[in-house]
Amino acid sequence: MKSIKRLCALLLCVLLLSPAAVWAAPARGADAEYHFDADFSSETLGQVIERYLAERQISDKNIAIGWMDLTSGEEWYYNGDLFMEGASTYKLPLSMVYADKVLAGELKSTDKIGHYVLEDALYEMLVNSNNSVALRLRDNLTRDFAEYRRMLVPYSGLEADSLPSGYYTNNQFSPRFLIGTLHTLYERRDEFSNLLDYMKEARPDTLLSQYRGKTEVAHKYGSDENFVSDSGIIFARHPFLMTVMTHNVGDAMRRIGELGRIAMDYAEYLASLDPPEPESEPVGEELKAPLAADGVREISDAETLRAIRYAPEDDYRIVADIDLGGADWEPIPFFGHLDGGGHTLYNLTVRAPGAETAECRDGNNNAYDAVYAGLFSTVREAEIRDLTLKGVYVDVESSGNCYIAALAGYAYDLTCANVSVEGRVHLYAHGKIVGVGGVVGFGSGWFTDCDADVELVFEDRNETLHCEMFLGGLVASGKFTAERCTVDIQGYGSVNGFVHTGGLTGMYCGYGLVRDRMMRITDCTVRGKIRFFEHNFTRRAYCRGIAGEQVDLLINLNNDIRGFVRDEHRRYDVILRPEMCSDPVYRETVTAPTCTEWGHTEHVCESCGYSWIDSYTPPRHSPGEWTLLTAPDFGVNGERAIFCTVCGTELEHETLPALIRAESIELSQSELTLRHGEEAVLTAAVLPADAEKVSLRFTSSDESVASVDENGTVRALGKGTAEIVCAADDGSLRAVCTVTVSYPFFQRLADLFR
């Protein structure tokens, strides 16, 4: 009996000490609730996770974490290059090796490897983490362990020479290696769709997926002798990659799940910053600006300006100043010609990028997809001229790569002539590649006689990403020609990455644009100041009067940058803003428009004096009554006008047509035959019909025969003949009607007996 008890106790100990015991913790379930107290508007993901580890008393020697936002490319690592026992996580890149062999035609999914059909073997390896199957697949490749490990390296995106020797001799991985492998899987998700499906089936309510709610998770887990890890793709609204590797961490499964939930909450926060989906509208001719006789569409109000989105390739002409206030503007694409006609678009407010994306490049020619904000989101081979933007306010917080400016966030080969911009452009960014421009964000083109009076503000809200920030009074980053342009800039950059700022452009570079063309900057003037800090381990701190960093050659002649000031700060905990008061109080002053000056509202901080202007109203005259300048005469035109009662400016002028002389009178009848006592009416018309009005008078040659009154009513009075004459008062015109009156015997006899 004792031996039986000893045997049971031994079996229980073996069970408890076996690696499988690590998985004995009950699953929390897909609907379990957990949220760590975090405010991502004031804390980064890294700060929140580090605070979590401190509260859970998890040593930095026992955990390594990797994370990547698949929308922006942002990455964060905690012991990211620490190699730890990965256990079954090696089965993910191993399965990708075999999937590639199937894609290359070297194997079929129905082929047998040992006793296993390949497709079934991949399922067993990823879903049930079957070690026997995995070892058989590994040995089928090679029995040289180091050679087998080299086969896995390409899927990580790392260089083989950068990996420690322990990687080739032991089953070790780092968070950076596993994040790279997951990224390859996600980028090739169409080719690896079966692997992703299997990973979604694997332990759906444990580890990274135990607090997932309704979020889909595809992951590969592993455990061995108190090493517990999980690596997965989390398909949140902002999908992301995450790997957590632990050693001797108490309740490791739950801790991995809690860290996954923190990252999911951060993904939801990033998604909340995304611009709203544009509302679908019917597309039809009635939504486009009307066509003028010359085939150009005419824009007279905000609605017809907004309708450019339905025909962005057309030619347009603005025919009036347009108030864009009252509602936030949704940036639109444009590929045509826009003639501003010397008019002004005013009170433009933009708070989110447009729906369009386009590729931008950094100084190393790395390509990134980005979103863009401005009056236009993207412009390509467009022409914009003779236009003023006044009272612009672009204020955007972006979760990913983003460029913003007053006129266009992105421009490819833009021709821009006699365009003026006045306003504020502010970007609060979480992305990798970001830029703030006065006229254009990222782009190329030709700028002639353009002016920018702008306040440009950039605030980096991701301390760990080390973004590339570009800021310029004309163009944030790009390659362009600028002639006779004037820039007044007040710039502010608070950057935890790399700074590229300049009076005209942060970086002069044609990567992705027009690299093969020699362009020039001539006769331009730059005034103002750029204040910035660069909080980074590798200091660049580009800031110059023309271009912060110049990658491409250009002709640089006769430019005046004497009024430009570079102001670099070294205190990184103070965000640089135009208003430095912690609790500013603004005094508002409303200025009414005059005959020549715009009205506006000025906001002035009572503490620091910072001010800005908005709510513009156009100049306004006070019109009087019509004033006759020259009276019209026969054959001679007249003139009249309306003048402003304040300044006397002529507001409206009108030509009065010359008078037309009357040439004849035409009566309705030239002969009348009446019986005694009858009446008839003659009507008279002066010819031509549009002749100046003439006073007419009727007379009778013999009133004993027929009389006539002033209305042309003829009355027969006696037998005989009379002439009814219609004549002008001055006697210059006359017409005659002959009236014959009969008075028979029988009528006279009848009259006697009435």
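Procedures and definitions
- Residues numbered from 1 in each chain as written.
- Predicted model: local features only at pLDDT ≥ 70, side-chain atom pairs only at ≥ 80, totals over all residues.
- Heavy atoms only, no water.
- Core = buried A, V, L, I, M, F, W, Y, C linked by side-chain atoms within 4.5 Å.
- Buried < 20%, exposed > 50% of the residue type's maximum accessible area, 1.4 Å probe, protein only.
- Helix = DSSP H or I, 4+ residues; strand = E, 2+ residues; numbered from the N terminus.
- Contact = heavy atoms within 4.5 Å.
- Pairing = 2+ DSSP bridges.
- Arc of directions from axis to C-beta.
- Polar contact = N/O pair within 3.5 Å; in protein donor to acceptor, adjacent residues only side chain to side chain.
- Phe/Tyr/Trp six-rings, centres within 6.5 Å; stacked < 30°, edge-to-face > 60°.
- Axes fitted to C-alpha atoms, helices over the stretch in contact; angles between N-to-C directions.
- pLDDT = per-residue confidence, 0-100.
- Parallel < 35°, antiparallel > 145°, perpendicular 65-115°, else oblique.
- Left-handed = near helix turned anticlockwise from the far one by under 90°.
- Salt bridge = Lys/Arg side-chain N within 4 Å of Asp/Glu carboxyl O.

Engineer: Outline the nonpolar core, listing residues and values.
Structural biologist: Inside soluble globular proteins, nonpolar side chains tend to come together where they are buried. Of all hydrophobic cores here, the largest spans 93 residues; its most connected members are Leu375, Phe376, Leu414 and Phe447. Broken down by element, the residue count for this core peaks at 10 residues, all from strand β21 (residues 408-429). Those residues in contact with phenylalanine 447, other than ones at most four positions away along the chain, are Leu414, Cys416, Val439, Val440, Leu474, Val475, Phe480, Thr481, Ala482, Glu483 and Cys485.

Engineer: Explain the pairing of strand β17 (residues 367-373) to me, using residue names and the numbers behind them.
Structural biologist: Walk down a regular strand and you will see the side chains alternate between the two sheet faces. One ladder, built from 5 bridges, connects strand β16 (residues 357-361) with β17; its direction is antiparallel. Looking at the pairing, arginine 361 lines up with alanine 367 of β17. A loop of 5 residues connects β16 with β17, the two strands running antiparallel in sequence, and asparagine 365 in this loop sits at a positive phi of about 65°. Where β17 lies against strand β20 (residues 402-404), 3 bridges are found, and the strand directions are parallel. Across the sheet, residue alanine 373 finds its bridge partner in β20, namely isoleucine 404.

Engineer: Quick rundown of helix α5 (residues 131-141)? Include the residues and the values.
Structural biologist: Residues of α5 that are buried: Val133, Ala134, Leu137 and Leu141. Buried residues of α5, seen end-on, are gathered within an arc of 100° and therefore sit on one face of the element. Here the buried face of α5 lies against α3 (91-103), β4 (112-113), β5 (116-117), α4 (118-127) and α6 (145-152). Measuring from the side-chain oxygen of the N-cap residue of α5 to the backbone nitrogen of serine 132 gives 3.0 Å; that N-cap residue is asparagine 130.

Engineer: With reference to specific residues and values, describe the side chain of glutamate 468.
Structural biologist: Along the chain, glutamate 468 falls in strand β25 (residues 468-472). Residue glutamate 468 is classed as buried on the basis of its relative accessible area of 7%. The residues touching glutamate 468, leaving out its near neighbours within four places in the chain, are Lys432, Ile433, Val434, Phe498, His500 and Arg540.

Engineer: Can you explain unusual backbone geometry? Please cite residues and give values.
Structural biologist: Omega for the bond connecting leucine 687 with proline 688 falls within 30 degrees of zero, at -5°, which places this linkage in the cis form. Note on placement: proline 688 falls in the loop between β45 (684-687) and β46 (696-700). In this structure, glutamate 381 is a non-glycine residue whose phi angle is positive, near 50°. With respect to the helices and strands, the residue glutamate 381 is situated in the loop between β18 (376-380) and β19 (383-398). Although it is not a glycine, aspartate 449 adopts a positive phi angle of roughly 55°. With respect to the secondary-structure elements, aspartate 449 resides in the loop between β23 (440-448) and β24 (451-460).

Engineer: Describe the packing of aromatic side chains, and please don't skip the residues or the numbers.
Structural biologist: Across all of its chains, the model carries 29 aromatic pairs by this definition. With centroids separated by 5.2 Å and ring planes inclined at 35°, the aromatic side chains of tyrosine 167 and phenylalanine 177 adopt a geometry described as tilted. You can see tyrosine 167 sitting in helix α7 (residues 165-169) and its partner phenylalanine 177 sitting in helix α8 (residues 175-187), a full 10 residues away along the chain. For the pair formed by tyrosine 167 and phenylalanine 177, the shared burial category is buried. Joined through ring pairs, the aromatic side chains of Phe83, Tyr167, Tyr168, Phe173 and Phe177 make up one cluster.

Engineer: Describe the sheet that holds β46, listing the residues and the values that go with them.
Structural biologist: In space, the 4 strands of this open sheet follow the order β43-β50-β49-β46, with mixed pairing throughout. With partners counted over all chains shown, the strands left at the sheet margins are β43 (671-675) and β46, one partner each. Strand-to-strand twist across the sheet, computed as the mean angle between neighbouring axes with direction ignored, equals 20°. Bridge count between β43 and strand β50 (residues 734-742): 5 bridges; the pairing is parallel. Note on β50: the bridge partner recorded for arginine 675 is serine 742.

Engineer: Before we move on, can you summarise the environment of arginine 539 with the specific residues and values?
Structural biologist: Structurally, arginine 539 can be placed in the loop between β31 (525-534) and β32 (542-544). Of the residues examined, arginine 539 reaches a relative accessible area of 45% and is grouped as partly exposed. Residues contacting arginine 539, with those up to four places away along its chain left out, are Glu534, Arg566, Glu568 and Arg570. For arginine 539, the side chain forms a polar contact with the side chain of glutamate 568, separated by 2.6 Å.

Engineer: For helix α2 (residues 45-55), give the residues involved together with the corresponding values.
Structural biologist: If you check which residues of α2 are buried, you get Leu45, Gly46, Val48, Ile49, Tyr52 and Leu53. Looking straight down α2, one finds its buried side chains confined to an arc of 165°; they lie on one side. Along its buried surface, α2 packs onto β1 (63-69), β2 (75-78), β9 (240-247) and α10 (252-272). Of the residues flanking the end of α2, it is glutamine 57, one or two places downstream, whose phi is positive at about 55°.

Engineer: How would you explain the confidence of the model for the protein chain if you had to name every residue and give the values?
Structural biologist: The predicted coordinates of low-pLDDT regions are not to be read in fine detail. With 94% of its residues at a pLDDT of at least 70, the protein chain reaches an overall mean of 90. pLDDT under 50 marks residues 1-31. Its contacts with residues more than four places away, or in other chains, come to 28 contacts.

Engineer: Before we move on, can you summarise the sheet that holds strand β22 (residues 433-437) with the specific residues and values?
Structural biologist: With mixed pairing, 7 strands are arranged side by side in an open sheet as β16-β17-β20-β22-β25-β28-β32. Of all strands in the sheet, those with a lone pairing partner are β16 and β32, marking the two edges. Averaged over neighbouring strand pairs, the angle between their axes works out to 20° when direction is ignored.

Engineer: Would you mind going over the packing of α4 against α5 in detail, with residue names and values included?
Structural biologist: The N-to-C vectors of α4 and α5 enclose an angle of 125°; their axes lie 8 Å apart at closest approach. With respect to each other, α4 and α5 are oriented oblique. Here the hand of the crossing between α4 and α5 comes out left-handed. Here Leu118, Ala121, Leu122, Glu124 and Met125 of α4 come into contact with α5, specifically with Val133, Ala134 and Leu137.

Engineer: How would you sum up the pattern of salt bridges? Please name residues and give values.
Structural biologist: According to the stated counting rule, one finds 39 salt bridges in the structure shown. With its nearest N and O atoms 2.8 Å apart, the salt bridge here joins arginine 484 to aspartate 449. Separated by 35 residues along the polypeptide, arginine 484 in the loop between β26 (475-483) and β27 (486-495) and aspartate 449 in the loop between β23 and β24 bring together distant segments of the chain. You can call arginine 484 partly exposed: its relative accessible area is 43%. Where glutamate 679 meets arginine 715, a salt bridge forms, and the shortest distance between an N and an O atom there is 3.1 Å. Within this pair, whereas glutamate 679 is found in strand β44 (residues 679-681), its partner arginine 715 is found in strand β48 (residues 713-716), the two being separated by 36 residues in sequence.

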